[in-house]
Amino acid sequence: MPRRQGYALLIALVAGTAALAAAVAFATTLLSGPRSTPLPPAETQAAARNPVAPATSGPSWVATWTAAPVGAGPGTEDGLPGRTIRNVVHTSIGGDVARITLSNLFGTTPLVVDQATVNTRPVTFKGSGTVTVAPGGQVVSDPVVVPVAPDSDLQVGFRTPQGGGPVTYHGYTHQTSYLIDERGTFSTSNWRYLTAVDVRSERALGAVVALGDSLTAGSGSSTDANARWPDVLADRLGGRYGVANAGIAGNRIVGVGRGTGGQSGTDRLDRDVLGVAGARTVVVALGINDVQQYPQEPDAQRIVDSLRALTDRAHARGLRVVGATLTPFEGFATWTPQRDAVRHAVNEQIRSGTVFDAYVDFDAAVRDPAAPNRLLATYDSGDHLHLNDDGYRALGDHVDLKSLDRARAPRSDEL
């Protein structure tokens, strides 16, 4: 072979090898995308102990989903031995590394989990596939490398091989989850033991926590439609903030009413708001059950004082607080003119700017202009208190996004 042809062949081989390497590297990038290095277990536990550290310096843990524990599941004194629990949850933001929180808050015996997964990816706890959660306690998992898409359903499963009850749960989820045993797979509307899914995010500025009652939890909305107003808000935020739903049906700002409303918003603030990973802003939508639910609170000032005290506690942890006015309920079984007067008095003070850093006028968003003590018929789920999907969209669309991420400003009474 002539020397010139040999040089040409050698050059062609080198060029082809370089092109092939570049193509392989490009394809690998397309398939895998950028990945962050998982945190070691020790760093995960440190983040869990300080969950509201600012989410602004590098990749940080931010909640993509939460559920406030309500109580002990009825009939679960012996736990769910031998069952696999598959909680289906809806994310607000995405990430490539996740962690989960399991709670045994209402359990009286140790909870043993010997297998856990996020979308079938195995989850460990301090390097072990098995974990024991003390009665009244909770655990945060090690990071698991798993793609978590925003605005999508995520399956978090785990097996409880032996009794560990009662089961800490959140009911009336408007989401279909599953229980699995030797007899088969059964659908359920409860979330069990799981209270948070966090993702490590470089993009999200932090989390917005919605502290509320059934109107925040989504009572009256369509099952599996993810039509609660915090879901609508998450869509509008487009990944800038995670949205953590801390709504409990029947919840109050003061005391505990009849039924399954859980601890009051005042009592659960530390756990369900300040304990949320990356929490930066809280939207408080509480008070209507204090007005209308037994035992009714006849003094609007007591409700307002409790909302203001909650705001001060959130301020002490650096959070911005946005409050919601109380929505109409004329036509509901507990409505009276006197109770509605209490609602109006609370709303008047919220609108005055003396309670929160900012407010969102949920009342104005869904009331009937021709009968302002009633919900607009097209938003009414049928009971004249709770909303349908369109009504919750109206609430979520009414939130001023700028009010969520401004630096905390003093209330008018602090000036």
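Residues numbered from 1 in each chain as written. Predicted model: local features only at pLDDT ≥ 70, side-chain atom pairs only at ≥ 80, totals over all residues. Heavy atoms only, no water.

By the naming in an unreviewed UniProt entry, the chain goes by SGNH/GDSL hydrolase family protein and is assigned to Streptomyces durocortorensis.

Draft legend 1. Here's a closer look at the packing of aromatic side chains. Under the definition given, this model contains 3 aromatic pairs. Aromatic side chains Phe-158 and Tyr-193 sit 6.3 Å apart centroid to centroid with 55 degrees between the ring planes, which places their arrangement in the tilted category. Linking Phe-158 in strand β11 (residues 153-160) with Tyr-193 in the loop between β15 (191-192) and β16 (194-201), this pair joins segments that are 35 residues apart in sequence. A single burial state applies to Phe-158 and to Tyr-193, both of which are buried. (Phe/Tyr/Trp six-rings, centres within 6.5 Å; stacked < 30°, edge-to-face > 60°. Helix = DSSP H or I, 4+ residues; strand = E, 2+ residues; numbered from the N terminus. Buried < 20%, exposed > 50% of the residue type's maximum accessible area, 1.4 Å probe, protein only.)

Draft legend 2. Quick look at the sheet that holds strand β2 (residues 71-72). Read across the sheet, 3 strands follow the order β2-β12-β15 without closing on themselves; strand pairing throughout is antiparallel. Looking at which strands have only one partner, the edges of the open sheet turn out to be β2 and β15. In terms of strand pairing, strand β12 (residues 168-170) meets β15 through 2 bridges, oriented antiparallel. Bridge assignment links Tyr-169 to a residue of β15, and that residue is Arg-192. (Pairing = 2+ DSSP bridges.)

Draft legend 3. Layout of the nonpolar core. The biggest cluster of nonpolar side chains holds 66 residues, and the ones touching the most others in it are Ile-100, Phe-158, Leu-194 and Leu-307. Residue contributions to this core peak at 6 residues, all from helix α7 (residues 300-316). With 26 residues, the next largest nonpolar core counts Val-360, Val-366, Leu-387 and Leu-404 among its residues. (Core = buried A, V, L, I, M, F, W, Y, C linked by side-chain atoms within 4.5 Å.)

Draft legend 4. Up close: the packing of helix α5 (residues 265-274) against α7. With their axes 10 Å apart at the nearest point, α5 and α7 run at an angle of 25 degrees to one another. Of the possible angle classes, the one that applies to α5 and α7 is roughly parallel. With respect to the hand of their crossing, α5 and α7 are arranged in right-handed fashion. Within the contact between the two elements, α5 uses Gly-265, Thr-266, Leu-269, Asp-270 and Leu-274 and α7 uses Leu-310, Arg-313 and Ala-314. Residues that form the contact of α5 with α7 fall into these classes: 4 nonpolar, 2 polar and 2 charged. (Axes fitted to C-alpha atoms, helices over the stretch in contact; angles between N-to-C directions. Parallel < 35°, antiparallel > 145°, perpendicular 65-115°, else oblique. Left-handed = near helix turned anticlockwise from the far one by under 90°. Contact = heavy atoms within 4.5 Å. Nonpolar A, V, L, I, M, F, W, Y, C, P; charged D, E, K, R; others polar.)

Draft legend 5. Main features of the sheet that holds strand β17 (residues 207-212). Within the open sheet, the 5 strands sit side by side as β18-β17-β19-β20-β21. Their pairing is parallel. Both outer strands of the open sheet, β18 (242-247) and β21 (358-360), are each paired with one neighbouring strand and no more. Averaged over all neighbouring strand pairs, the angle between strand axes comes to 25 degrees, with direction disregarded. Direction of pairing for β17 relative to strand β19 (residues 279-285): parallel, over a ladder of 6 bridges. When the sheet's bridge partners are listed, Ala-210 is paired in β19 with Val-283.

Draft legend 6. Molecular detail of the packing of α7 against helix α8 (residues 337-352). It is the contact of α7 with α8, at a shortest axis distance of 9 Å, that shows an interaxial angle of 40 degrees. Relative to α8, the element α7 lies oblique. In this structure, α7 crosses over α8, and the sense of that crossing is right-handed. Contact with α7, carried on its side by Ala-300, Gln-301, Ile-303, Val-304, Leu-307 and Arg-308, involves Val-342, Ala-345, Val-346, Gln-349 and Ile-350 of α8 and no other residues of that element. Split into classes, the residues belonging to the contact of α7 with α8 amount to 8 nonpolar, 2 polar and 1 charged.

Draft legend 7. Structural detail: unusual backbone geometry. In this structure, Pro-166 follows Gly-165 across a cis peptide bond, with omega equal to -10 degrees. Considering the arrangement of structural elements, one finds Pro-166 in the loop between β11 and β12. Across the junction of Tyr-294 and Pro-295, the peptide omega takes the value -10 degrees, indicating a cis bond. Along the chain, Pro-295 turns up in the loop between α6 (288-292) and α7. One non-glycine residue with positive phi stands out, namely Tyr-172, at about 55 degrees. Looking at where Tyr-172 falls in the secondary structure, it is placed in the loop between β12 and β13 (177-181).

Draft legend 8. Region of the structure containing the side chain of Asn-226. Checked against the element boundaries, Asn-226 lands in the loop between α3 (214-217) and α4 (229-237). A distance of 3.2 Å separates a polar atom in the side chain of Asn-226 from a polar atom in the side chain of His-90. Side-chain polar atoms of Asn-226 contact the side chain of Arg-228, separated by 3.5 Å. What Asn-226 contacts, discounting residues up to four positions off in sequence, is His-90, Asp-153, Gln-175 and Asp-231. (Polar contact = N/O pair within 3.5 Å; in protein donor to acceptor, adjacent residues only side chain to side chain.)

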